[in-house]
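If you want the building blocks of each chain, they are given just below.
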Amino acid sequence: MRLKAMPPFRLMIAVALMLTPLLVALALAVKSEALTSGLAALVGFLPLLGAGMALRIHQREAAALADYAVRLSDAGNPAPPVGQPVALGGLVAAVARLHRAAARRTESVQAQLDANDSILDALHDPLVVMDASRQVTRANLAARDLFGDKVLGRDLASTLRNPKVLEAVDAVLRGGATRVIEFTLPVPVERTFEAQVKPFQRSLPAADPPHDSVDGAVAPPAPAPQIARMAILTLHDVTAARRSEQMRADFIANASHELRTPLSSLLGFIETLQGPARDDPDAQERFLAIMHDQASRMSRLVNDLLSLSRIELDEHMPPSGRVDVLDELENVIAALEIKAAQRRIRLILDAPEGLPRVVGDDDQLTQVFQNLVSNAIKYTREDSDVTVSVALVDGSSVGFAGLPAAGRRAGRTGAAMVSVSVRDQGDGIARTHLPRLTERFYRVDAARSRAMGGTGLGLAIVKHILNRHRGRLTIESEVGVGSAFTVYLPAADELADAAARRKAG
């Protein structure tokens, strides 16, 4: 709004004092009849006119300067008023210099803020800043990846519904000291965080006074800045550490349990070879063959345990690669054809053209397909078929609503999934066993599984790999007919990937 500027009161008093002697002299001259009243009025009117013009010019110049200052604060770099006298020109130049200095300071502050944002976004740990009402005012890139972009401007409770964390934040906002707690986020994959809530005070700038003040009134002093209490929440992912501890405990427990039988067998055969069968070549050959099978089983068991431990360690970190499912399946089928041919089993791959790639780790997905196809070869009937079917499906049918925030920003949107179904023609599995098939060392027929060289960890490995890939596994089986194990994997957004590559190039 354009400011109205009145001439200063002291300037009007000075003009009145200058004109008073002239008006008094004219009045005396008229009284003594030295001048006629008409001539005296004319002589008195001209100085009054000049004084009025001077005050009017001053008012216009002051208003132009005030308007220029307002436009500087609003528009940034307006043209200065034209036709001003030397004195006003110097004042205009001084105001312009003051504005440029303020603009440089503003740019410096903005550059520092941008640098701070870049530093915060480069942090590996999520960081969230909340005001006194627990509204999120700032969140770095890691926090937005974890909670989504909608975390800003909302109550923390709408995003992070953990009572322990919210209680710690409220206690700090009420004036408490720093709190450190540990909590778990169960979805999409269980992750453990160490949360630190620290108090933080911030000075809030006072509001600018309004421009449209009353003419001649002195602007009221700006109110003092207010001190706002805030809280900084940082999350440190300790999932790997906790899983390492659990992994060591599980490995010891599983190894001690599953290795006890083959170790006992080996010790028994060694004692037999050292004793009664010392001089019996036929018994030695038979026992050595059994010992070789037991040692091989122990080796497979240890390898599967180590593989499972590595997978569980990285389960909370989703992959970012792109995998062609058909290429991986063709390689797996080619590698297992000899094993299938030994039991006269035909491996059939049924897949349409134009399937999108999936988001995943190619080595781990190869392990998933190899475990499923290998199981189907083991348990299907001889001289039958194992069919591997691939299709593009709607993920909502298996409860998949899309990848989290980090995946969306990388171009992985929507709920499209690629399904891979491995169907055999075996004896089938009773319904009572289906919910427990992915447990470690769970076997429907333990003796048959061990005889076929199984360790009882294949489906557990499949489950944990799919958890890391945000995938799904369904099992359908009918006794006497066969079983179908179907894997669902999130499809990659090829258009977004291509756009990202063009932008990077």
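What counts and what doesn't
- Residues numbered from 1 in each chain as written.
- Predicted model: local features only at pLDDT ≥ 70, side-chain atom pairs only at ≥ 80, totals over all residues.
- Heavy atoms only, no water.
- Helix = DSSP H or I, 4+ residues; strand = E, 2+ residues; numbered from the N terminus.
- Buried < 20%, exposed > 50% of the residue type's maximum accessible area, 1.4 Å probe, protein only.
- Contact = heavy atoms within 4.5 Å.
- Areas by Shrake-Rupley, 256 points an atom, 1.4 Å probe, with all protein chains shown as cover.
- Phe/Tyr/Trp six-rings, centres within 6.5 Å; stacked < 30°, edge-to-face > 60°.
- Lys NZ or Arg CZ within 6 Å of the ring centre and 35° of its normal.
- Patch = residues over 30% accessible without salt bridge, like charges linked within 9 Å, V, L, I, M, F, W, Y side chains within 5 Å.
- Salt bridge = Lys/Arg side-chain N within 4 Å of Asp/Glu carboxyl O.
- Lys, Arg positive; Asp, Glu negative; His and termini not counted.
- Charge placed at Lys NZ, Arg CZ, Asp CG, Glu CD.
- Axes fitted to C-alpha atoms, helices over the stretch in contact; angles between N-to-C directions.
- Parallel < 35°, antiparallel > 145°, perpendicular 65-115°, else oblique.
- Left-handed = near helix turned anticlockwise from the far one by under 90°.
- Nonpolar A, V, L, I, M, F, W, Y, C, P; charged D, E, K, R; others polar.
- Pairing = 2+ DSSP bridges.
- Core = buried A, V, L, I, M, F, W, Y, C linked by side-chain atoms within 4.5 Å.
- Polar contact = N/O pair within 3.5 Å; in protein donor to acceptor, adjacent residues only side chain to side chain.
- pLDDT = per-residue confidence, 0-100.
- Expected span 1.5 Å × (residues − 1).
- Bend = angle between axes of the 7 residues up to and from the residue.

**Side note on the overall build of the chain**
Reasoning step 1: Along the chain, the regular secondary structure elements total 14 helices and twelve strands.
Reasoning step 2: By the burial criterion, 35% of the 505 residues in the chain qualify as buried.
Reasoning step 3: Within the chain, contacts between residues separated by at least 24 positions form 69% of all contacts whose residues are at least 6 apart in sequence.
Reasoning step 4: Surface summary for the chain: the accessible area is close to 29,100 Å², and the carbon and sulfur share equals 58%.

**A short note on the packing of aromatic side chains**
Reasoning step 1: According to the stated counting rule, one finds two aromatic pairs in the structure shown.
Reasoning step 2: For the ring pair Phe 183 and Phe 193, a centre distance of 5.8 Å and an interplane angle of 25° mean the geometry is stacked. You can see Phe 183 sitting in strand β3 (residues 179-185) and its partner Phe 193 sitting in strand β4 (residues 191-204), a full ten residues away along the chain. There is no split in this pair, since Phe 183 and Phe 193 are both buried.
Reasoning step 3: Stacked on the ring of Phe 287, the Lys or Arg Arg 286 has its end atom at 5.0 Å from the ring centre.

**Here we look at a negative patch on the surface**
Reasoning step 1: A grouping of Asp 279, Asp 280, Asp 282 and Glu 285 is seen on the molecular surface, where their side chains present a negatively charged patch.
Reasoning step 2: Secondary-structure assignment places Glu 285 in helix α8 (residues 281-313).
Reasoning step 3: Residue class for Glu 285 comes out exposed when judged on its relative accessible area of 61%.

**A closer look at the packing of helix α7 (residues 260-274) against α8**
Reasoning step 1: The N-to-C vectors of α7 and α8 enclose an angle of 160°; their axes lie 10 Å apart at closest approach. Relative to α8, the element α7 lies roughly antiparallel. Considering the relative orientation of α7 and α8, their crossing is left-handed. In this structure, α7 uses Pro 262, Leu 263, Ser 265, Leu 266, Phe 269, Ile 270, Thr 272 and Leu 273 to contact α8, whose residues at the interface are Ala 283, Gln 284, Phe 287, Leu 288, Ile 290, Met 291, Gln 294, Arg 297 and Met 298.
Reasoning step 2: Tallied by class, the residues present in the contact of α7 with α8 amount to twelve nonpolar, four polar and one charged.

**Regarding the environment of Ser 264**
Reasoning step 1: By the secondary structure assignment, Ser 264 is in helix α7.
Reasoning step 2: Sequence separation between Ser 264 and Gln 294 is 30 residues, and the spatial gap between their C-alpha atoms is 9.9 Å.

**Thoughts on the pattern of salt bridges**
Reasoning step 1: Applying the stated criterion across every chain yields a total of eleven salt bridges.
Reasoning step 2: For the salt bridge of Arg 346 with Asp 383, the shortest nitrogen-to-oxygen distance reads 3.4 Å. Of this pair, Arg 346 sits in strand β7 (residues 346-350) while Asp 383 sits in the loop between α10 (362-379) and β9 (385-394), placing them 37 residues apart in sequence.
Reasoning step 3: Note on Arg 346: relative accessible area 42%, which makes it partly exposed.
Reasoning step 4: What emerges from the salt-bridge pattern is a single network uniting Arg 134, Asp 155 and Asp 170.

**What to know about the sheet that holds strand β12 (residues 482-490)**
Reasoning step 1: Overall, mixed pairing links the five strands, which are arranged β7-β9-β10-β12-β11 in an open sheet. Looking at which strands have only one partner, the edges of the open sheet turn out to be β7 and β11 (472-478). The average angle at which neighbouring strand axes cross in this sheet is 15°, direction not considered.
Reasoning step 2: Two strands pair when backbone bridges link them, and strand β10 (residues 416-423) and β12 are joined in this way by seven bridges, in the antiparallel orientation. When the sheet's bridge partners are listed, Val 420 is paired in β12 with Val 487.

**Describing the nonpolar core**
Reasoning step 1: Of all hydrophobic cores here, the largest spans 53 residues; its most connected members are Val 325, Leu 347, Phe 369, Leu 372 and Val 373.
Reasoning step 2: Elements with a minimum of two residues in this core: α7, α8, α9 (325-341), α10, β9, β10, α13 (458-468) and β12.
Reasoning step 3: Considering every element that reaches this core, the biggest residue donor is α8, with eight residues.
Reasoning step 4: The next biggest cluster of nonpolar side chains, apart from the first, holds 24 residues, and it includes Ala 139, Leu 166, Leu 185 and Leu 235.

**Brief notes about the pairing of β11**
Reasoning step 1: Note that β11 and β12 share seven bridges and pair antiparallel. Pairing of Arg 472 across the sheet is with Tyr 488, part of β12.
Reasoning step 2: The hairpin formed by β11 and β12 contains three residues between the paired strands, and Gly 480 there has a positive phi angle of roughly 85°.

**So, the side chain of Thr 239**
Reasoning step 1: Position of Thr 239 among the secondary structure elements: in helix α6 (residues 239-258).
Reasoning step 2: According to the relative accessible area criterion, Thr 239 is buried, its value standing at 2%.
Reasoning step 3: In this structure the side chain of Thr 239 is engaged in a polar contact, spanning 2.8 Å, whose partner is the backbone nitrogen of Thr 192.
Reasoning step 4: Setting aside residues no more than four positions away along its own chain, Thr 239 makes contact with Glu 190, Arg 191, Thr 192 and His 316.

**Focus on the confidence of the model for the chain**
Reasoning step 1: Looking at the chain as a whole, the pLDDT averages 78, with 77% of positions reaching at least 70.
Reasoning step 2: The low-confidence segment residues 213-217 (pLDDT under 50) makes two contacts with residues lying over four places distant or belonging to another chain.

**Here's the deal with α9**
Reasoning step 1: Spanning 17 residues, α9 covers 23 Å between terminal C-alpha atoms, matching the ideal 24 Å at 1.5 Å per step.
Reasoning step 2: Its maximal kink placed at Ala 335, α9 deviates by approximately 35°.
Reasoning step 3: Val 325, Leu 326, Glu 328, Leu 329, Val 332, Ile 333, Leu 336 and Ala 340 are the residues of α9 that are buried.
Reasoning step 4: In this structure, the buried side of α9 is in contact with β6 (322-323), β7, β8 (358-359), α10, β9 and β10.
Reasoning step 5: You can read the cap of α9 off the contacts: a side-chain oxygen lies 3.0 Å from the backbone nitrogen of Leu 326, and it is on Asp 324.

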